[in-house]
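Coordinate inspection notes
Here is what each chain is made of, one letter per residue.
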Amino acid sequence: MRVPVVLIPGDGIGPEVTEAARSVIDASGASIEWRVHHAGVAALEQGVKPGDASRNALLPESTKEAILETRVALKGPCTTPIGGGFSSVNVALRKELDLFAAVRPVRSIDGVDTRFTGVDVVIIRENTEGLYSGIENVITPGVVTSLKVATERACRRIARFAFEYAKERGRKKVTAFHKANIMKLTDGLFIRCAREEHAAFADVVEYDEVIIDAGCMKIVQDPSRFDMILCENLYGDLMSDLCAGLVGGLGVTPGANIGEKGAVFEAVHGTAPDIAGQDKANPLAMLMSGVMMLNHVGKTQGRPDFERAAARIRGAYDAAIRSRECTRDLGGSLGTRAFADVLINRLAQL
Ligand code: NAI
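The text that follows walks through the structure, step by step, so that each part is easy to find. All figures in this text were calculated on a predicted structure; none of them were measured in a lab.

With 18 residues, helix α5 (residues 152–169) should reach 26 Å at 1.5 Å per residue; the first-to-last C-alpha distance of 26 Å fits that figure. If you check which residues of α5 are buried, you get Ala154, Cys155, Arg156, Arg157, Ile158, Ala159, Phe161, Ala162, Phe163, Tyr165 and Ala166. Downstream of α5 by one or two residues, glycine 170 has phi in the positive range, about 65 degrees.

Okay, structure coming up:
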């Protein structure tokens, strides 16, 4: 039986990389009924559809409803203007669907030359509050504020999620990155909740803490010191890109946004306007997000065939990259589409 999955092409390189990922997933044997819905500037350009109750053309109600129905989506990046304009569609989607946990595995890939080998870190980012609450005020001309929000409920559930994830996957240690020496109340609450939640997992998972500035130095000196990193929203965003840089960049770092109502899989990277529409983008991060999605569907919907398809795709891209068949960001010469076609050919030979 085909599994319905929402596909959101997004903006910039989004349509190129989601189309490449979709074609590889379709060739892997996973039987998916793709339901294409829009978000971001792409949705704005389409206009609000008749009958759509939403007044927000950037994040149509129909897109959110489709995700709530299928409970799973593969999403391309969406543009957020800098320093003005509309607020982030990505943040809105995570908040409105309560996708409270971002999971971002960062792993070295054989064949990608980087400073370190054997990097294997999973970042767990709180996705719904912190400075991303978007509460900014002009106090008086020339004086503005941005409010950092931390709630005990969100701090506890993200910590619990991290420990449960570690336990399920046999990971050894969760390290909270924080700045509770300065933000004593907000980050203080975050680590207090993590410590308390850890009590129920103390026999299976270690827990420790590091002040984030020192943590940044330690991780770029020796990433093997870290196994899982637990962060509030902004720190998780920054650590994701920093860690991407350890393993070959944004072209190879996938992600998932997970909540009780569903899961949206998307790469860590953005819309890359500098290379959009030029067949230069690496679709691997999006495809790896797709692999995470297949494993998630496999587990949550009892579909071992999806987990087998995920393993086949990993086998195909691992082999391609070892043979230096890859996009320019990884030192190869292939375009977005050609790389996807290489993977489809390899899948056919497996
Ligand atoms: P970006 O991730 O789009 O690009 C940063 C650099 O990495 C650029 O040089 C780009 O060419 C390169 N890059 C990114 N993805 C790549 C890929 N797949 N293959 C090869 N090179 C790649 O970050 P930037 O420029 O800060 O943001 C651009 C836009 O994307 C902004 O509007 C931002 O708000 C949005 N964004 C959206 C996200 C999402 O939808 N989840 C996440 C991050 C940013």
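Another point: the packing of aromatic side chains. For any two aromatic rings, the description comes down to two numbers: the centre-to-centre distance and the angle of the planes. Overall, the coordinates contain five aromatic pairs when judged by the stated rule. In this structure, arginine 125 is placed above the aromatic ring of tyrosine 132, and the distance from its NZ or CZ to the ring centre is 5.2 Å. It is arginine 169 that lies over the ring of tyrosine 165; its NZ or CZ is 3.9 Å from the centre.

Here the focus is empty space enclosed by the protein. Taking a probe equal in size to a water molecule and rolling it over the atoms shows the remaining empty space. Taken as a whole and assessed by the stated rule, the structure comprises one cavity of 30 Å³ or more. When its volume is computed, the largest cavity comes out at roughly 70 Å³. Forming the walls of the largest cavity are Glu126, Glu129, Gly130, Lys148, Val149, Ala150, Cys155, Thr186, Asp187, Phe190, Glu232 and Asn233. Element by element, the count of residues in the lining of the largest cavity is highest for helix α6 (residues 186–198), at three residues. Its residues assigned to classes, the lining of the largest cavity comprises four nonpolar, three polar and five charged.

Glancing now at unusual backbone geometry. Phi at aspartate 98 takes a positive value of approximately 55 degrees, unusual for a residue other than glycine. Inspection of the secondary structure assignment puts aspartate 98 in the loop between α4 (89–96) and β4 (101–107). What makes aspartate 98 partly exposed here is its relative accessible area of 21%. The backbone of aspartate 279 sits at a positive phi, close to 60 degrees, despite the residue not being glycine. Looking at the element boundaries, aspartate 279 is found in the loop between β12 (263–265) and α9 (284–300). On the basis of relative accessibility, which here comes to 34%, the residue aspartate 279 falls in the partly exposed class.

To continue, consider the pattern of salt bridges. Counting across every chain of the model gives 29 salt bridges. In this structure, the salt-bridge partner of aspartate 120 is arginine 171, at a minimum N-O distance of 3.1 Å. Highlighted residues: aspartate 120 in strand β5 (residues 120–126) and arginine 171 in the loop between α5 and β8 (173–178), separated in sequence by 51 residues. Exposure remark for aspartate 120: the relative accessible area of 33% places this residue in the partly exposed category. Aspartate 305 is paired through a salt bridge with arginine 303; the nearest N and O atoms lie 2.8 Å apart. Here the salt bridges share partners, and the residues they tie into one network are Glu152, Arg156, Arg160, Arg192, Glu196 and Glu197.

With that out of the way, let us pick up the site of the ligand. Residues in contact with the ligand amount to 20 residues; listed here are only the nearest, Cys78, Thr80, Gly270, Ala272 and Asp274. Between glutamate 266 and the ligand, the recorded distance is 3.2 Å, taken from a side-chain N or O atom to a nitrogen atom. In the environment of the ligand, a nitrogen atom lies 3.5 Å from a nitrogen or oxygen atom belonging to the side chain of histidine 269. For the ligand, the accessible surface in isolation is 810 Å², of which the surrounding protein chains cover 70%. Here the shell around the ligand is built from residues that sort into nine nonpolar, seven polar and four charged.

Here we come to the sheet that holds β4. Strands sit in the order β2-β1-β3-β12-β11-β4-β5-β10-β8-β9 across an open sheet of 10 strands; the sheet is mixed. Edge positions in the sheet fall to β2 (32–36) and β9 (206–211), since each of these pairs with one other strand and no more. Pairwise comparison of adjacent strand axes, ignoring direction, gives a mean angle of 25 degrees for this sheet. Bridge analysis of β4 against strand β11 (residues 256–258) gives three bridges, and the strand direction is antiparallel. Opposite alanine 101, over in β11, you have isoleucine 258 as the bridge partner.

Parameters and conventions
- Residues numbered from 1 in each chain as written.
- Predicted model: local features only at pLDDT ≥ 70, side-chain atom pairs only at ≥ 80, totals over all residues.
- Heavy atoms only, no water.
- Helix = DSSP H or I, 4+ residues; strand = E, 2+ residues; numbered from the N terminus.
- Expected span 1.5 Å × (residues − 1).
- Buried < 20%, exposed > 50% of the residue type's maximum accessible area, 1.4 Å probe, protein only.
- Phe/Tyr/Trp six-rings, centres within 6.5 Å; stacked < 30°, edge-to-face > 60°.
- Lys NZ or Arg CZ within 6 Å of the ring centre and 35° of its normal.
- 1 Å grid on protein atoms, 1.4 Å probe; cavity = no way out; pocket = protein on both sides within 12 Å on 5 of 7 lines; lining within 4 Å.
- Points joined across faces, edges and corners; volume = space filled by probe spheres on them.
- Nonpolar A, V, L, I, M, F, W, Y, C, P; charged D, E, K, R; others polar.
- Salt bridge = Lys/Arg side-chain N within 4 Å of Asp/Glu carboxyl O.
- Near = heavy atom within 4 Å.
- Polar contact = N/O pair within 3.5 Å; in protein donor to acceptor, adjacent residues only side chain to side chain.
- Areas by Shrake-Rupley, 256 points an atom, 1.4 Å probe, with all protein chains shown as cover.
- Pairing = 2+ DSSP bridges.
- Axes fitted to C-alpha atoms, helices over the stretch in contact; angles between N-to-C directions.

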